[in-house]
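# Breakdown of the fold
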Amino acid sequence: MSETSVSQQSTAAFYGQAVASFAVAMAATAVGIFRLNADAWVRGFLAIAVLYLVTSAFTLAKVIRDRQEAGQIVSRVDQARMEKLLTEHDPFEKL
């Protein structure tokens, strides 16, 4: 069977950029909500809404990743079965 790697690693720079971007976006949103000229309950509502949005985005990203990885595993199993059938098949064998 052929050895094909399924794991796809991100570079350290891409990972760092993603973490930094997330941190800057969350900090900017927190400062914006804190400095908003509104009642405390309005700022609290917006803060809870942002936290809910962030957790929903992480959950969605995980579900999409899990589905993609499951598809890759099924594809590899199908490929391994096909390779096994092809290696066991002898075209010169009498039927």
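Heads up: the structure comes first, above all this text.
Here's a quick rundown of the structure. (Residues numbered from 1 in each chain as written. Predicted model: local features only at pLDDT ≥ 70, side-chain atom pairs only at ≥ 80, totals over all residues. Heavy atoms only, no water.)

### What to know about the overall build of the chain
To be explicit about the condition: Strands are runs of DSSP state E lasting at least two residues, helices are runs of H or I lasting at least four, and both sets are numbered from the N terminus onward. Exposure categories follow from relative accessible area, calculated using a 1.4 Å probe and restricted to protein chains: below 20% of the type maximum is buried, above 50% is exposed, and the middle band is partly exposed. What sets the accessible areas is the Shrake-Rupley method with a 1.4 Å probe; for residues, cover comes only from the shown protein chains.
The helix and strand inventory of the chain stands at 2 helices and 0 strands. Among the 95 residues that make up the chain, the fraction classed as buried is 2%. Carbon and sulfur atoms make up 67% of the accessible area of the chain, which amounts to about 8600 Å² in all.

### Here's the deal with the pattern of salt bridges
Which entries qualify depends on this criterion: Counted as salt bridges are all cases of a side-chain nitrogen of Lys or Arg within 4 Å of a carboxyl oxygen of Asp or Glu.
Going through the model one piece at a time under the given rule, you end up with 3 salt bridges. Across the pair Arg 65 and Asp 66 runs a salt bridge, and its minimum N-O distance is 3.2 Å. A relative accessible area of 30% means that Asp 66 is categorised as partly exposed. With a closest N to O distance of 3.9 Å, Arg 65 and Glu 69 form a salt bridge. With Arg 65 and Glu 69 both in helix α2 (residues 40-88), this residue pair falls 4 residues apart, about one helical turn. Each of Lys 62, Arg 65, Asp 66 and Glu 69 takes part in one network of salt bridges that share partners.

### Considering a nonpolar patch on the surface
Threshold: For patch detection, residues must exceed 30% relative accessible area and be free of salt bridges, and they are connected within 9 Å for like charges or within 5 Å for nonpolar side chains (Val, Leu, Ile, Met, Phe, Trp, Tyr).
Nonpolar side chains collect at one region of the surface, where Leu 36, Trp 41, Phe 45 and Leu 46 lie side by side and expose about 440 Å² of accessible area between them. Positionally, Leu 36 belongs in the loop between α1 (12-34) and α2.

Everything listed here is a matter of geometry and, on its own, says nothing about what the molecule does.
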